[in-house]
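Here are the chains, one letter per residue:
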Amino acid sequence: PDTPTGTVERTVPARSLAARTGSVPRAPHRSPRRTPSTATMATYATPAAAAPAGVSSLRARAGSPLRSKPLAAPKRGGGKRSTLRVAAVSTPAKPSGGTPKQDFDWDNLGFGLVETSFMYRTECAIDGEWTKGEVIPYGNLSLHPSAAVLNYGQGIFEGMKAFRTAGGSDDVVVFRPDQNAARFAEGAGRMSMPPVPADVFIDAVKRCVSANREWVPPEGKGSLYLRPLLIGSGPILGLGPAPSYTFLIYCSPVASYFKGGKMAPIDLTVEETYHRAAPGGTGSTKCIGNYSPVLKVQLAAKKAGFSDVIYLDAVENKYIEEVSSCNFFCVKGKTIATPALGGSILPGITRKSIIDIARAKGYEVEERNVSVEEVLDADECFCCGTAVVVVPVGSITVKGEKTQFQGGKTGPVAQEMYDELTGIQSGKVEGPDGWLEVVPEEYHL
């Protein structure tokens, strides 16, 4: 796809692309080096002020990029080849500029694709070793028509965010990348792909963020959403794992996921005919095939005026599983319940973080089956995920009957979880050790 008419497509080493196309990637913008600030921040789960140890303790080990083998050039003739194919005449993306313009409207960002300056890429044979990749200009890819990802859906992705911290330090941090790395590796195994080692994954994330540092929104205006992809890029005709794989990361600055804005309550409807996942399937894996099937139901729900859909379990059709793109919680008194992970529910990083935060604040958190009847009797409900952060549920409609929570407004527990989570992500509140990974300036160079 996206190969210009009349061009000859051939496999070329990434480093020789400039010579063959006549284009030279523009050098990244270099910001003046700053001395990290030691601005005072609140301590996690206590009102007392303290230095942001959750951020500052990581600066010492933020270090230099991972040292490993350079990206190998593809072999000619026999043997294994790199299978990410690049057109001889490149098809550039439509960038909004190498870096954000001074008049970039951060206040009306929304949640949509803003093409940034750079992305990360590396490759691996099915029985090979992942190597240190390259930060390259953001642009289109060209794949073999028999690539496994195009024919058999062999691919997984992650969603994660980088933030600019508060207090004037201008540090940029990534939230819990080790957790994404672990889920990414587990998903690769489920889809018969070579897992990306955690150190390679985290290094790649930091390099992509560093190269696109100026696209990280100002504190309080949004975040830099990162999309790591692992795809079977090698060609194969019969059903089987691809002979080779490509690991990519691109990013986009984003703000609120739902159009009502952050913490605007959403209206959900319970779906009783279609299911998102089933026991023994891939519901717990962030594989690419899990998401398009929900569009039929989601689009119909939105046309009917709902924000999204709640899916039920595929066995008894009575227990809540999750919403199309986020995990679900309900609150009764000091007890917070969320559906237990049983192989059909995605183990969300934000879900895990909310459970930790709630328990630290004295709530009893129960991971178990949660029936529709229990949810309708709850004091309040909310959803969470990387994209949505924490969003309150204003109402749930079942069989045409609408039940409203907190008068259709934000409940106190949802607000408390949102404030604590976003406080940790911005560095205003000190979170548990290891939740924030600092990205040094010019780390990608």
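Residues numbered from 1 in each chain as written. Predicted model: local features only at pLDDT ≥ 70, side-chain atom pairs only at ≥ 80, totals over all residues. Heavy atoms only, no water.

1. Side note on the overall build of the chain
Here's step 1: Scanning the chain from N- to C-terminus turns up nine helices and 21 strands.
Here's step 2: Taking the intrachain contacts of the chain between residues at least 6 apart in sequence as the baseline, contacts between residues at least 24 apart amount to 74%.
Here's step 3: Counting only carbon and sulfur atoms, one obtains 53% of the accessible surface of the chain, whose full area is about 19,600 Å². (Helix = DSSP H or I, 4+ residues; strand = E, 2+ residues; numbered from the N terminus. Contact = heavy atoms within 4.5 Å. Areas by Shrake-Rupley, 256 points an atom, 1.4 Å probe, with all protein chains shown as cover.)

2. Let's talk about the pairing of strand S13 (residues 308–312)
Here's step 1: Counted residue by residue, S13 has five buried out of five residues, so it is predominantly covered.
Here's step 2: Pairing of strand S12 (residues 266–271) with S13, which is carried by four bridges, proceeds in the parallel orientation. Each bridged residue has a counterpart across the sheet, and for Leu268 the counterpart in S13 is Asp308.
Here's step 3: A crossover connection joins S12 to the parallel S13 through helix H6 (residues 295–303); in handedness this β-α-β unit is right-handed. (Buried < 20%, exposed > 50% of the residue type's maximum accessible area, 1.4 Å probe, protein only. Pairing = 2+ DSSP bridges. Right-handed = clockwise from strand over helix to strand, strands pointing away.)

3. A look at the pairing of strand S20 (residues 401–404)
Here's step 1: As defined by bridge partners, strand S19 (residues 389–398) adjoins S20 across four bridges and the pair is classed as antiparallel. Following the sheet pairing, Thr397 is matched in S20 by Lys402.
Here's step 2: Following S19, the chain reverses through two residues before pairing antiparallel with S20; Lys399 in that reversal takes a positive phi of roughly 50°.

4. Brief notes about the packing of helix H7 (residues 349–360) against helix H9 (residues 412–426)
Here's step 1: Running from N to C, H7 and H9 point in directions that differ by 110°, and their axes come no closer than 10 Å. Taken as axis vectors, H7 and H9 run roughly perpendicular relative to one another. On H9, the residues touching Thr350, Ser353, Ile354, Ile357 and Ala358 of H7 are Met417, Glu420, Leu421 and Ile424.
Here's step 2: Among the residues forming the contact of H7 with H9, the class breakdown is six nonpolar, two polar and one charged. (Axes fitted to C-alpha atoms, helices over the stretch in contact; angles between N-to-C directions. Parallel < 35°, antiparallel > 145°, perpendicular 65-115°, else oblique. Nonpolar A, V, L, I, M, F, W, Y, C, P; charged D, E, K, R; others polar.)

5. Focus on unusual backbone geometry
Here's step 1: We note that Asn317 has phi near 60°; this positive angle belongs to a residue other than glycine.
Here's step 2: In this fold, Asn317 is placed in the loop between S13 and strand S14 (320–323).
Here's step 3: Within the chain, Lys399 stands out as a residue other than glycine whose phi angle is a positive 50°.
Here's step 4: Looking at where Lys399 falls in the secondary structure, it is placed in the loop between S19 and S20.

6. Comments concerning the side chain of Glu158
Here's step 1: Positionally, Glu158 belongs in the loop between strand S7 (155–157) and strand S8 (160–164).
Here's step 2: Residue classification places Glu158 among the buried residues on the basis of a relative accessible area of 1%.
Here's step 3: Polar side-chain contacts of Glu158 include one of 2.7 Å to the side chain of Asn180.
Here's step 4: At 2.7 Å, the side chain of Glu158 and the side chain of Arg183 are in polar contact. (Polar contact = N/O pair within 3.5 Å; in protein donor to acceptor, adjacent residues only side chain to side chain.)

7. Some words on the packing of aromatic side chains
Here's step 1: Per the stated rule, a full pass over the model turns up 14 aromatic pairs.
Here's step 2: Pairing Phe111 with Tyr225 gives two aromatic rings, centres 5.6 Å apart and planes at 75°, and the pair type is edge-to-face. Linking Phe111 in the loop between strand S4 (86–87) and strand S5 (118–125) with Tyr225 in strand S10 (residues 223–231), this pair joins segments that are 114 residues apart in sequence.
Here's step 3: On the basis of relative accessibility, which here comes to 30%, the residue Phe111 falls in the partly exposed class.
Here's step 4: Since its relative accessible area comes to 11%, Tyr225 is described here as buried. (Phe/Tyr/Trp six-rings, centres within 6.5 Å; stacked < 30°, edge-to-face > 60°.)

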